[in-house]
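Examining the three-dimensional arrangement
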Amino acid sequence: MSAEIKPKMRGEKVSVHYGDKQALFDVDLDVVDRQVTALIGPSGCGKSTFLRCLNRMNDTIDICNVDGHITLDGRDIYHKDVDVVELRARVGMVFQKPNPFPKSIFENVAYGPRIHGFVRHKDEFEEIVATSLQRAGLWEEVKDRLDAPGTGLSGGQQQRLCIARAIAVNPEVILMDEPCSALDPIATAKVEELIDELRTNYTIVIVTHSMQQAARVSQRTAFFHLGYLVEEGNTDDIFTSPTDPRTQDYITGRIG
Amino acid sequence: MTDTSFNTLQRTDIHTSEAARERLAKRYRKEAQFKYLGMGAVGVAVLFLSLLLFTVVLNAYKAFSYNYVNLPVTLNQSDIDPDQTGDLEVIGKANFGKIAKNSMKELLPFASGRKQRRALYGLMTSDLGIQVRQAVLDDPSLIGTTASIPVQLDDVADLYFKGDITPLRSIDVTGEVSTNGVEGTIEITSSSNDFAIIADAVSAHLKAEAARFELRVAAKERSKSRLQDQISEMGIRIDGASAGDVERLQNSLATLKSDFETASVQTERDIKKIAELNERISAAGSSEAVPSQIASFILKLNGGAVKVTSLAGDKIIGDVLIPLENGNPAAANQWSLVTLEKPEDNRKLSDRSIVWLDHLEKQGLVERKFNSVFFSAGASREPEQAGILGAIMGSIYTMVVTLLLSFPVGVGAAIYLEEFAPKNWVTKWIEVNINNLAAVPSIVFGLLGLAVFLNLFGLPRSAPLVGGMVLALMTLPTIIIASRAALRSVPPSIREAALGIGASRLQTVTHHVLPLAMPGILTGTILGMAQALGETAPLLMIGMVAFIVDIPGGPLDPATVLPVQIFMWADFPEPAFQQKTSAAILVLLAFLVIMNALAVVLRKRFERRW
């Protein structure tokens, strides 16, 4: 099946070292365009590490060293000609804990377009903020108080604001690092719904601890264990007929 | 062993038994003890702080006011501007010193002779003529009139009115006094025993003198008997000595004998003196001078003042300091006797000057005003003309230079080290050395400034520019350390959020991290600046301790700063400068409070923006 689907991003023999400790071992993983790929596995298995390699967030950690190749539309993102600012504009990220800037809701969303400079006029800003908030499903809740501080929203709203902030830059890929782990079930349901809608426009990679969530929102699933990619494939296949016994054990709750 | 521990956990009363209650009570006791210790520590700190403030304020408040004499000056056209040109330059050249002194003479005409007149002019500031001249130049229409011009008193005279020269005590009088004259040396008799108090004071003084001589005699007697012993011992030694030693010993004996003679003569003289003193004490009726080592007694009657110089029975003899208007007898409610408790020998203001000052005050000419000179003048050797503006301006220029240098450099260095620099041994080494620099004694920075800025670069000595550069060096480590701590305390999630949507590192820092760290950075900066404002030692090294009269007009003019001014004034012996020292301390504290208030306001402002 993966043969006929063109990968948006592709990792080849990706190994990551934190100082002397190796966190990822020769991971090969394709991220399919306009689908949700879920990375699952027990704590410390390297799924977040892999995710952070996809937009080079690991660069900010001094002792982190990445080997292997990761390509975006066939171009190696670790090549020295690649500009990391441009890469992160194309591959946005949403974090585990909602982290809106301590500014107004409007400024939070407008910040990305402002620094990248592809929007100039006030009208355009207003339009892009409205569109992004609508896509993030937050518009109805905040349209009357765009000047209120982003940090004053509830946890679920903050996370959707962070998603809106990521969307506003118009990325091709959105990385989500356990986006619902700090949220209650209702907020989680809203964010999951949102992820499903966003799939039509964006390629999404999501790290999650919840297998139900992976099953609900993703089309493809990759199972990591102790730094190795154990198994990947269609979500339905992974959850119904895993080929590797470790995957079997994990999804039935025997490890992790 | 496993069994016992298992059993312990099996027990059900582990948290309810008597022992458990005891343990709990002990915990609460310890907590209470700690609380009281803490309260005690705060109490001691508050006590010392209020003690310090109280002392400073008590000393300082007098320096904020000054006594002026509204001197009636006769400004004759012919003395100032005979040709009636109205030209300020011509007016300015007139001899205002002489005009002012003449006015003083008119005001207190009983000052006779050069010596008394010099004492008279000494009541006023040495700038007397200059202050009158300035008043006339400010308002030339005064020429031709007798104008009332406020002129500063001399600092000692000012202190007299502030009560710092001598305590005054009025003595109750009951009798009627009569005099035999109105001028010169006169005799005064009282119908009652009013002068007994003077006689008592004199006799107490004589008794004290006698006691002193007796002590001396006793000491001399002791040394005489010691000499006597040595003489007899020497005699024995000469008898048993060899021929060669005899001559040397005989010489020693002669010396001892002559010492004994001298002591005997001195003792006899002292014994005679004691006898004489005792006779004077018992002979109440005879004439006895009032010595200047005891309190002075001033009689005020018939509009004049008489200083008591000697006693003769129930009469007193005195020098007239201000002539009496008439020689009539004065009833008890028409005259008064005042004691100046501090002996004339021990104070800087003579009885005569005090009487004159009282005379001026009685005429309503003395006025206590806000001491504007203190806030508008530079340094001066004359306490009444010394001000703090020069030091304030010096401090401001120095602080501006320090801030302009240390804030951008310090924050820049902190941002680079914290956000951009690779973490390797070079940056670690730099970090360790920055921390060490913060602990370097400030005088070392002064020496560095002297060697590098003055000697190598040839920058001007005593200039706020150099002072600011030295203090900037001193403040840098503080600002860097505080800024790094503030940057480190910004949550990494903010950095990740910015980086995650494609902000560059510089954008992340300037747009998000720095504004969030700003309150902390400002606190550290103000702390460093406050430290720099109070710094003295390094500025001494680069010559900012110089005596500078002119108020500096820029960072390159020679100047001094507030703490150095305090240091210099504290060294001056005049009591007026001691008060100024405290006043300057208050001004410095006020500046520190203002700076800290500014820090709080800035911090609030920055916090509100987010």
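Above this text is the structure in question.
To start, this report covers the structure provided alongside it. Small disclaimer: the values here were computed from a predicted structure and weren't measured. (Residues numbered from 1 in each chain as written. Chains lettered and ligands numbered in written order. Predicted model: local features only at pLDDT ≥ 70, side-chain atom pairs only at ≥ 80, totals over all residues.)

1. Looking at the overall build of chain B
- When helices and strands are tallied, chain B shows 21 helices and 11 strands.
- Here chain B has a C-alpha radius of gyration of 38 Å; the compact-globule value for 610 residues is 25 Å, and the former is much larger.
- Seen through its principal axes, chain B has C-alpha atoms that stretch 105 × 100 × 75 Å.
- Within the span of chain B, comprising 610 residues, buried residues form 32% of the whole. (Helix = DSSP H or I, 4+ residues; strand = E, 2+ residues; numbered from the N terminus. Rg over C-alpha atoms; globule rule 2.2 N^0.38 Å. Buried ≥ 20, exposed ≤ 12 C-beta atoms within 10 Å, placed from the backbone.)

2. Comments concerning the overall build of chain A
- If you tally the helices and strands in chain A, you get 10 helices and 10 strands.
- Over its C-alpha atoms chain A spans a radius of gyration of 18 Å, differing by no more than 12% from the 18 Å that the globule rule assigns to 256 residues.
- For chain A, the C-alpha atoms occupy an extent of roughly 55 × 45 × 40 Å along the three principal directions.
- Long-range pairs, those at least 24 residues apart, make up 67% of the contacts in chain A with a sequence separation of at least 6. (Contact = placed C-beta atoms within 7 Å.)

3. Focus on unusual backbone geometry
Residue and element names in this part refer to chain A.
- Positive phi values are uncommon outside glycine, yet lysine 13 reaches one of about 50°.
- With respect to the secondary-structure elements, lysine 13 resides in strand 1 (residues 7–18).
- You can call lysine 13 partly exposed: it has 13 C-beta atoms within 10 Å.
- One non-glycine residue, arginine 56, adopts positive backbone phi at about 60°.
- Mapped onto the fold, arginine 56 is located in the loop between helix 1 (47–53) and strand 4 (64–72).
- For arginine 56, a count of 18 C-beta atoms within 10 Å corresponds to the partly exposed category.

4. Observations concerning the sheet that holds strand 1 of chain A
All names here are of chain A.
- Strand order in this open sheet of 4 strands is 2-1-4-5, and the pairing throughout is antiparallel. Either end of the sheet is taken by a strand with one partner, and the two such strands are strand 2 (21–32) and strand 5 (75–76).
- Where strand 1 lies against strand 2, 8 bridges are found, and the strand directions are antiparallel. Across the sheet, residue histidine 17 finds its bridge partner in strand 2, namely glutamine 22. (Pairing = 2+ DSSP bridges.)

5. Regarding the environment of B:Phe453
- Within the secondary structure, B:Phe453 is located in helix 15 (residues 442–456).
- Look past the residues within four positions of B:Phe453 in its chain and what remains in contact with it is B:Leu459, B:Val466 and B:Met469.

6. Considering the sheet that holds strand 6 (residues 91–94) of chain A
Residues and elements named next belong to chain A.
- With mixed pairing, the 6 strands of this open sheet are ordered in space as 6-7-8-3-9-10. Sheet topology places strand 6 and strand 10 (228–234) at the edges, where each strand pairs with a single neighbour. On average, adjacent strands in this sheet sit at an angle of 15° to one another, irrespective of strand direction. (Axes fitted to C-alpha atoms, helices over the stretch in contact; angles between N-to-C directions.)

7. A word on the interface of chain A and chain B
- Every contact between the two is made by 19 residues of chain A and, on the other side, 16 residues of chain B.
- Among the secondary structure elements, those contributing two or more residues to the side of chain A that touches chain B are helix 2 (84–90), strand 6, helix 3 (105–116) and helix 6 (155–168) of chain A.
- Across the side of chain A that touches chain B, the residue classes break down as 10 nonpolar, 5 polar and 4 charged. (Nonpolar A, V, L, I, M, F, W, Y, C, P; charged D, E, K, R; others polar.)

8. A look at the packing of helix 3 of chain A against helix 6 of chain A
Residues and elements named next belong to chain A.
- With their axes 7 Å apart at the nearest point, helix 3 and helix 6 run at an angle of 30° to one another. Classified by the angle between their axes, helix 3 and helix 6 sit roughly parallel to one another. You can see that helix 3 and helix 6 cross each other, and the crossing is right-handed. Two secondary-structure elements touch here, helix 3 through Ile105, Asn108, Val109, Tyr111, Gly112 and Pro113 and helix 6 through Leu161, Ala164, Arg165 and Ala168.
- Partitioning the contact of helix 3 with helix 6 into residue classes produces 7 nonpolar, 2 polar and 1 charged. (Parallel < 35°, antiparallel > 145°, perpendicular 65-115°, else oblique. Left-handed = near helix turned anticlockwise from the far one by under 90°.)

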